[in-house]
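Here's the letter readout for the chains.
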Amino acid sequence: MFEKAAVLFLYCETPVHAGTGTSLSIVDLPIQRERITGLPIVQASSLKGVLRAETLLILERRQDPKAEDKVRVLFGPETGQASAHAGCVSPHDARLLLFPIRSLVGVFAWATCPLVLERFKREMTAAGFSVNWDVTPLPANSQQAFVTQDSEIFADGKVVLEEFAFEAKIDDIAKQIAEWLAKIAFPQSDEYKPFRDWLPKRFVILPDDAFRDFTQMATEVITRIRLQPETKTVAEGALWSEEHLPSETLLYAPIFISKPLAPNADQLGLTDSGAVLRELSNLQIDRLQIGGDETVGRGIVKVRFVCPEDSQKS
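Model, not experiment: these values are computed from the prediction. (Residues numbered from 1 in each chain as written. Predicted model: local features only at pLDDT ≥ 70, side-chain atom pairs only at ≥ 80, totals over all residues. Heavy atoms only, no water.)

Colleague: Quick rundown of the overall build of the protein chain? Include the residues and the values.
Modeller: Assigned secondary structure in the protein chain consists of eight helices and 15 strands. Scaling as 2.2 N^0.38, a compact globule of 314 residues should have a C-alpha radius of gyration of about 20 Å, and the protein chain matches this with 21 Å. Looking at the protein chain residue by residue over its 314 residues, the buried ones come to 51%. Sequence separation of at least 24 residues holds for 68% of the intrachain contacts in the protein chain that already meet a minimum separation of 6. When the accessible surface of the protein chain is split by element, carbon and sulfur atoms take 51% of a total near 15200 Å². Charged side chains in the protein chain number 34 positive and 43 negative. The centres of these two groups are separated by 3 Å. (Helix = DSSP H or I, 4+ residues; strand = E, 2+ residues; numbered from the N terminus. Rg over C-alpha atoms; globule rule 2.2 N^0.38 Å. Buried < 20%, exposed > 50% of the residue type's maximum accessible area, 1.4 Å probe, protein only. Contact = heavy atoms within 4.5 Å. Areas by Shrake-Rupley, 256 points an atom, 1.4 Å probe, with all protein chains shown as cover. Lys, Arg positive; Asp, Glu negative; His and termini not counted. Charge placed at Lys NZ, Arg CZ, Asp CG, Glu CD.)

Colleague: Any chance you could break down helix H4 (residues 172–184) for me, citing the residues and the numbers?
Modeller: Look at H4: 19 Å from first C-alpha to last across 13 residues, which is about the 18 Å you get at 1.5 Å a residue. Along H4, the residues that are buried comprise Ala174, Ile177, Ala178, Trp180, Leu181, Ala182 and Ile184. (Expected span 1.5 Å × (residues − 1).)

Colleague: How would you sum up the packing of H4 against helix H5 (residues 193–202)? Please name residues and give values.
Modeller: Packing of H4 against H5 leaves a shortest axis separation of 8 Å and a crossing angle of 165°. Compared by their axis directions, H4 and H5 come out roughly antiparallel. Between H4 and H5 the crossing geometry is right-handed. In this structure, H4 contributes Ala178, Glu179, Leu181 and Ala182 to the contact, and H5 contributes Arg196, Leu199 and Pro200. (Axes fitted to C-alpha atoms, helices over the stretch in contact; angles between N-to-C directions. Parallel < 35°, antiparallel > 145°, perpendicular 65-115°, else oblique. Left-handed = near helix turned anticlockwise from the far one by under 90°.)

Colleague: Account for the state of the cysteines, naming residues and giving values.
Modeller: Covalently bonding the sulfur atom of one cysteine to the sulfur atom of another cysteine gives a disulfide. The final tally for this structure, using the stated rule, is zero disulfides. No disulfide involves cysteine 113; its sulfur sits 17 Å from the nearest other cysteine sulfur, which is in cysteine 12. Classification of cysteine 113 as buried rests on a relative accessible area of 1%. Free of any disulfide, cysteine 307 has its nearest neighbouring cysteine sulfur in cysteine 88, separated by 14 Å. (Disulfide = S-S within 2.5 Å.)

Colleague: Just give me the short version of the nonpolar core, but keep the residues and values in it.
Modeller: In terms of nonpolar packing, the biggest core is built from 96 residues, with Phe9, Leu10, Leu97, Leu181 and Leu206 touching the most fellow members. Top contributing element to this core by residue count: strand S1 (residues 2–12), with eight residues. Once residues within four sequence positions are removed from consideration, phenylalanine 9 is found in contact with Leu97, Phe120, Met124, Ile184, Ala185, Leu250, Leu251, Tyr252, Lys302, Val303, Arg304 and Val306. (Core = buried A, V, L, I, M, F, W, Y, C linked by side-chain atoms within 4.5 Å.)

Colleague: So, the pairing of strand S6 (residues 144–147): which residues are in play, and what are the values?
Modeller: Pairing geometry for S6 and strand S9 (residues 164–170), over four bridges, is parallel. By the bridge assignment, valine 147 is partnered in S9 with isoleucine 170. Note: S6 against strand S10 (residues 203–205), two bridges, orientation antiparallel. Bridged to valine 147 within S10 is valine 204. (Pairing = 2+ DSSP bridges.)

Colleague: Give me the environment of leucine 280: which residues, what numbers.
Modeller: For leucine 280, the location among the structural elements is in helix H7 (residues 273–282). Residues leucine 280 and phenylalanine 305, 25 residues apart in the sequence, show an inter-C-alpha distance of 8.6 Å. Ignoring any residue separated from it by four or fewer positions in sequence, one finds leucine 280 in contact with Leu74, Phe75, Val89, Ile257 and Phe305.

And the structure:
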């Protein structure tokens, strides 16, 4: 049974392609999505593998002689020895929280919807966080969009995202949510201060249906080719398209921790779930590279690892 929890926020600094393989749709290589809602995700298995590799790398850089043993305790042994014991760190799927959409004014907006916010609040509460805001209801078929008093993304009473217009409605709860996210979910390093300041001014809550449609039709699709080395022309069959989550997207992934099950956990100082949580927090992971296209600079995300105690201090 899980005893401790934290949340990993992932801010996309480059387009991110966490793919599902080939597809029969117009995009050859689509991104991972939830079956029911159709919203983008990064599956827990992908995230766990990246966290495992990064943890080992950080411990080895610190010249920890027990690096490999600690990784086995945290994430489980290698595939060939999987029956020995389970890992005690369980990341969940990274779900979408804020999606950037091109705006007629203000360049772009960070969009979300009541469904996403209510699910986020539910998962944060389950992880032990105190969430001091409630989502204002907004019908799925509404033509309204909630913005803050200081919003810079509407003009003449309209929010225009891509080619779709919504009636801008100022909502005090929207400002409260935006400021809470800027403090808890956004990276807190100095280079992100302008982004934290911009969030309340570019924050918009859309109807559920409209938000879903944007996440399906306004992702970044990149066409790629492979050249023949001899002729520098496109190789036969080597033209394909890839779907990416755009830069400035914000994802979140709850991480639940149970008591270590490895027989040597006590010897490594990982005596209980609290010690495991401290070990993860002390890693101070800064950035991760998730999904495909590593060699062309895709998949870089800025990481914020937050425990319930940390959010209460903020």
